[in-house]
Amino acid sequence: MIRLCDGFVFPPCLFLILLHHLVTLSSVAREEERPVVRVRYAPSPTGTLHIGGARTALFNYLYARRHNGRFILRVEDTDETRQIPGSEALMMAGLKSLGLEWDEGPDMEDNSRYGPYRVSERLVRHRALADQLLASHRAYRCFCSPEQLAIDRKALRAKNLAPRYSGRCRSLTEDEVRARAGERSVVRLIVPQEGMCTVHDVIRGDVEFDNRVFDDFVIMKPDYTPVYNFAVTIDDHDMEITHVIRGEEHLSNTPKQLFVMAALGWDDVPTFAHLPMILAPDKSKISKRHGATAVEEYRDQGILLAALANYLLMLGWSTPDGREILTIDEAAQEFSLERVQHTGAIYDQKKLEWFSHQYMTHLPIAEIARLVRPFIYYRVDEGPSYEAVVSLCRERAYTLVQLADQMAFFYHPPEHYDAKGVAKYFTALTAQRLDCVRNELQGLSHWDREALMQAYDRLSEALGVKRAELIHPTRLSVTGRTVGPGLFELLELLGSAEVLSRLQTTAERIRSGNLVTQD
RNA sequence: GACCCCAUGGUCUAGAGGCCUAGGACAUCACCCUUUCAAGGUGGUAACCCGGGUUCGAAUCCCGGUGGGGUCACCA
């Protein structure tokens with residue numbers, strides 16, 4: 001029993017209930033205070049969607065989904081000179097093709113308090129804050145010419161010192177600044193030159209920087225537009241971004257963003273997560289010379305994009321149980337930043353293709369049939385059932401390009417024959433053998449794989465040859481190839497008229513010496 | 001050069017001091033299956049960067065090397 005005061009005895013169970021209520025109430029309050037997870041992918045519209053960017057977007061997307069948060073697309077178009085027209089649309093198409101739909105972005109009707117979602121359209125805000133920093137002497141005008149700065153940097157390099165701004169214009173008086181008002185100038189932030197700066201990173205832990213390694217960096221260009229590190233900090237704050245998930249190359253610049261926040265008096269520092277980079281086989285930064293890097297290039301190669309997303313997911317993240325094949329939706333159930341790898345990952349085309357093959361064989365037939373359609377370079381309106389052909393061929397294909405190629409003979413008789421196959425399977429007896437096969441098949445009352453198999457058994461016995469000696473020439477004569485689906489399935493699907501016709505054609509070509517081979 | 005990050009087979013990774021004789025996947029090799037090629041099955045080759053500590057015990061913790069990467073723009 002708990003005695004609160006004389007004469008009143010508080011039953012313990014009631015006390016516990018009250019205590020429980022208190023705890024529950026306070027946790028509810030905390031729940032409400034805690035902002036929803038808001039993450040962003042902020043690409044610069046200077047090209048197409050790159051696999052590195054795609055993975056960054058993917059991890060952001062998964063984190064948002066996992067925590068019922070918002071995934072925001074923001075276009076980082078602060079530098080007009082570097083932009084490529086149409087890039088924004090290309091990037092959005094790339095994200096969508098991977099299944100990464102954003103909740104807020106530049107293409108959406110903006111009725112939220114967070115937009116606009118193009119950085120160039122937020123200029124008024126950036127300028128106002130730059131004005132504010134200038135007025136409060138947290139920043140200053142710098143009139144140094146680029147030429148002068150280049151000379152300074154060179155001098156420092158020569159002395160093996162880090163290239164940093166001298167601070168020359170920091171001590172300019174207000175009168176001096178006013179006097180030079182018409183001159184070309186930039187705005188620099190005053191960076192504290194003592195103390196340390198700590199970046200809390202969920203993947204890497206606390207990372208410390210000595211403030212002295214940073215100089216007074218530029219926040220506004222001569223045309224009074226913001227530099228990335230300034231704009232990104234403001235936009236993340238204004239958009240109430242809670243988690244900044246981005247590439248490792250941004251880690252060293254994070255203190256600059258913290259300095260901006262401090263100067264502005266903001267303390268809502270987002271949680272950072274710096275993802276390891278995707279590397280080329282030689283461990284260098286992956287680029288064009290290493291082959292495909294853009295999502296659209298993979299699409300054109302016929303790599304299934306669901307597989308690409310899955311592969312990218314496994315480049316730096318893993319499930320606790322070692323499962324590798326999982327869809328974006330499945331991954332969204334269990335994604336966590338804590339399980340992100342610290343090391344840069346080398347991109348491996350072979351494994352990507354293996355993933356593509358997995359999806360090729362496990363996605364619904366109708367889906368594959370739809371996806372391969374753009375890669376079909378021949379007419380398919382006559383001939384065997386399109387989906388049946390897809391079904392028969394897909395388990396041998398790693399890409400949609402391969403699949404389309406392997407399906408071709410179902411719709412077009414071979415014009416040439418595999419050279420190695422001809423050398424191996426076509427002999428002086430072949431034309432005659434093909435005639436025998438044609439005779440045998442002609443008499444079939446049922447045209448299905450079972451009946452076909454029996455026909456080959458009968459004929460091989462009658463001729464006294466192995467079944468394989470009939471099968472290989474048949475395949476080559478009907479498809480022009482030595483590889484492909486099982487012969488009986490293939491013949492069944494192709495249909496008796498077509499098969500008999502092709503057998504005859506091939507036999508004639510052999511006899512007349514008009515057989516064209518191809519390597 | 002300074003600062004920061006990182007370090008398990010060829011590649012992606014598991015590993016939170018004893019469950020590790022280091023597990024899985026891709027690739028590779030062999031065999032099996034088989035009408036070809038795939039797929040599938042079985043098995044094999046192959047890794048804790050080096051050196052010091054701490055500990056009864058280290059892939060795991062600490063320090064130092066080495067190596068790789070990133071950043072130091074009026075690019076993002």
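Scroll up to find the structure.
Residues numbered from 1 in each chain as written. Chains lettered and ligands numbered in written order. Predicted model: local features only at pLDDT ≥ 70, side-chain atom pairs only at ≥ 80, totals over all residues. Heavy atoms only, no water.

Novice: A description of the overall build of chain A should follow, citing residues and the corresponding values.
Specialist: Each helix and strand counted, chain A has 21 helices and 15 strands in total. Based on the C-alpha atoms only, the size of chain A along its principal axes is roughly 105 × 85 × 45 Å. Every one of the 519 residues in chain A was classed for burial, and the buried ones make up 45%. Approximately 26,700 Å² of chain A is accessible, and the part contributed by carbon and sulfur atoms is 53%. Here chain A contributes 62 positively and 71 negatively charged side chains, and the mean placements of these two sets differ by 4 Å. (Helix = DSSP H or I, 4+ residues; strand = E, 2+ residues; numbered from the N terminus. Buried < 20%, exposed > 50% of the residue type's maximum accessible area, 1.4 Å probe, protein only. Areas by Shrake-Rupley, 256 points an atom, 1.4 Å probe, with all protein chains shown as cover. Lys, Arg positive; Asp, Glu negative; His and termini not counted. Charge placed at Lys NZ, Arg CZ, Asp CG, Glu CD.)

Novice: If you had to explain the pattern of salt bridges to someone new, which residues and values would you point to?
Specialist: Under the definition given, this model contains 31 salt bridges. Residues Asp 236 and Arg 74 are paired through a salt bridge, measuring 3.0 Å at the closest nitrogen-oxygen approach. Pair noted here: Asp 236 is in helix α7 (residues 228-238) and Arg 74 is in the loop between β4 (70-73) and α3 (87-97), with a separation of 162 residues, a long-range link. A salt bridge links Arg 502 to Glu 498, with the nearest nitrogen and oxygen atoms 2.7 Å apart. Of this pair, Arg 502 and Glu 498 both sit in helix α21 (residues 496-512), separated by four residues, roughly a single helical turn. For Arg 502, a relative accessible area of 3% translates into the label buried. A relative accessible area of 28% places Glu 498 in the partly exposed class. (Salt bridge = Lys/Arg side-chain N within 4 Å of Asp/Glu carboxyl O.)

Novice: Outline the protein's contact with RNA strand B, listing residues and values.
Specialist: Near RNA strand B, the surroundings consist of 66 residues, among which Arg 184, Arg 204, Lys 221, Glu 324 and Arg 396 are the closest. Taking the atoms of RNA strand B that fall within 4 Å of the protein, sugar and phosphate contribute 69% of them. A distance of 3.2 Å separates a base nitrogen of RNA strand B from a polar side-chain atom of Ser 252. Between a base nitrogen of RNA strand B and a main-chain N or O atom of Gly 484, the distance comes to 2.6 Å. Of all the elements in the fold, those that place two or more residues in the surface near RNA strand B are α5 (146-158), β8 (205-210), α7, β13 (345-346), α12 (349-362), α19 (468-479) and α20 (487-494). (Near = heavy atom within 4 Å. Polar contact = N/O pair within 3.5 Å; in protein donor to acceptor, adjacent residues only side chain to side chain.)

Novice: Now, about the nonpolar core: what can you tell me, with residues and values included?
Specialist: Counting residues in hydrophobic clusters, the biggest one holds 97 residues, and the most contacted among them are Leu 313, Leu 403 and Leu 441. Top contributing element to this core by residue count: helix α2 (residues 51-66), with nine residues. Not counting residues within four places of it along the chain, the set of residues in contact with Leu 313 comprises Leu 58, Phe 59, Leu 62, Leu 326, Ala 331 and Phe 335. In this structure, Ile 72, Leu 251, Phe 259 and Met 261 belong to the second largest nonpolar core, which totals 33 residues. (Core = buried A, V, L, I, M, F, W, Y, C linked by side-chain atoms within 4.5 Å. Contact = heavy atoms within 4.5 Å.)

Novice: Run through the pairing of strand β11 (residues 271-275), naming residues and quoting values.
Specialist: Taking burial as the measure, the five residues of β11 include four buried ones, the bulk of the element. Here strand β10 (residues 243-247) pairs with β11 via five bridges, running parallel. By the bridge assignment for β11, Val 244 is matched with Phe 272. Following the backbone out of β10, through helix α8 (residues 254-264) and into the adjacent parallel β11, one traces a crossover that is right-handed. (Pairing = 2+ DSSP bridges. Right-handed = clockwise from strand over helix to strand, strands pointing away.)

Novice: Would you mind going over helix α18 (residues 449-463) in detail, with residue names and values included?
Specialist: Here α18 is 15 residues long and its end C-alpha atoms lie 21 Å apart, about the 21 Å a rise of 1.5 Å per residue gives. Within the sequence span of α18, burial applies to Ala 451, Leu 452, Ala 455, Tyr 456, Leu 459 and Ser 460. Elements that come into contact with the buried residues of α18 comprise α17 (430-442), α19 and α20. Taken from the residues just after α18, Gly 464 is the one with a positive phi, measuring 70°. (Expected span 1.5 Å × (residues − 1).)

Novice: Any details on the packing of α17 against α19? Residues and values, ideally.
Specialist: Taken N-terminus to C-terminus, the directions of α17 and α19 make an angle of 95°; their axes are 10 Å apart at the nearest point. Here α17 is positioned roughly perpendicular relative to α19, judged by the angle of their axes. Touching Thr 430, Arg 433, Leu 434 and Val 437 of α17 are Glu 469, Leu 470, Pro 473, Thr 474 and Ser 477, all from α19. Of the residues belonging to the contact of α17 with α19, the class tally is four nonpolar, three polar and two charged. (Axes fitted to C-alpha atoms, helices over the stretch in contact; angles between N-to-C directions. Parallel < 35°, antiparallel > 145°, perpendicular 65-115°, else oblique. Nonpolar A, V, L, I, M, F, W, Y, C, P; charged D, E, K, R; others polar.)

Novice: Go over the environment of Phe 214 with me, naming the residues and quoting the values.
Specialist: For Phe 214, the location among the structural elements is in the loop between β8 and β9 (218-220). With relative accessibility at 7%, the residue Phe 214 sits in the buried group. Between the C-alpha atom of Phe 214 and that of Cys 144, which follows or precedes it by 70 residues, the distance is 18 Å. Residues in contact with Phe 214, not counting those within four places in the same chain, are Arg 164, Val 191, Gln 193, Phe 209, Ser 252, Pro 255, Lys 256 and Phe 259.

Novice: Lay out the packing of helix α13 (residues 365-372) against helix α15 (residues 400-407) with the relevant residues and their values.
Specialist: Remark: α13 packs on α15, axes separated minimally by 10 Å, with the N-to-C direction vectors making an angle of 90°. Between α13 and α15, the angle falls in the class roughly perpendicular. Note on element contacts: α15 touches α13 through Leu 400, Leu 403 and Ala 404, opposite Ile 368, Leu 371 and Val 372. Looking at the contact of α13 with α15 residue by residue, the classes come out as six nonpolar, no polar and no charged.

Novice: Outline α20, listing residues and values.
Specialist: Within α20, burial applies to Leu 487, Phe 488, Leu 490, Leu 491 and Leu 494. For α20, the angular spread of buried residues about the axis comes to 160°, placing them on one side. Looking at the buried residues of α20, the elements they touch are α14 (386-393), α18, α19 and α21. Two residues or fewer after α20 comes Gly 495, characterised by a positive phi angle close to 95°. (Arc of directions from axis to C-beta.)

Novice: Requested: an account of unusual backbone geometry, with residues and values cited.
Specialist: At Tyr 224, a residue that is not glycine, the phi angle is positive and equals roughly 60°. Locating Tyr 224 in the fold gives a position in the loop between β9 and α7. On the accessibility criterion, Tyr 224 (14% relative accessible area) is buried. The phi dihedral of Glu 240 is positive, around 55°, even though this residue is not glycine. With respect to the helices and strands, the residue Glu 240 is situated in the loop between α7 and β10.

Novice: Tell me what's going on with the packing of aromatic side chains, and back it up with residues and numbers.
Specialist: As enumerated under the stated definition, the model contains 14 aromatic pairs in all. When the centroid spacing of 4.5 Å and the interplanar angle of 25° are considered together, the rings of Phe 409 and Phe 410 count as stacked. Note on accessibility: Phe 409 and Phe 410 belong to one class, buried. Through successive ring pairs, a cluster of aromatic residues spans Tyr 298, Tyr 311, Tyr 347, Trp 354 and Phe 355. One cation-aromatic arrangement involves Arg 188 over Tyr 165; the distance from NZ or CZ to the ring centre is 3.6 Å. Lying across the ring of Tyr 386, Arg 373 places its NZ or CZ 5.6 Å from the centre. (Phe/Tyr/Trp six-rings, centres within 6.5 Å; stacked < 30°, edge-to-face > 60°. Lys NZ or Arg CZ within 6 Å of the ring centre and 35° of its normal.)

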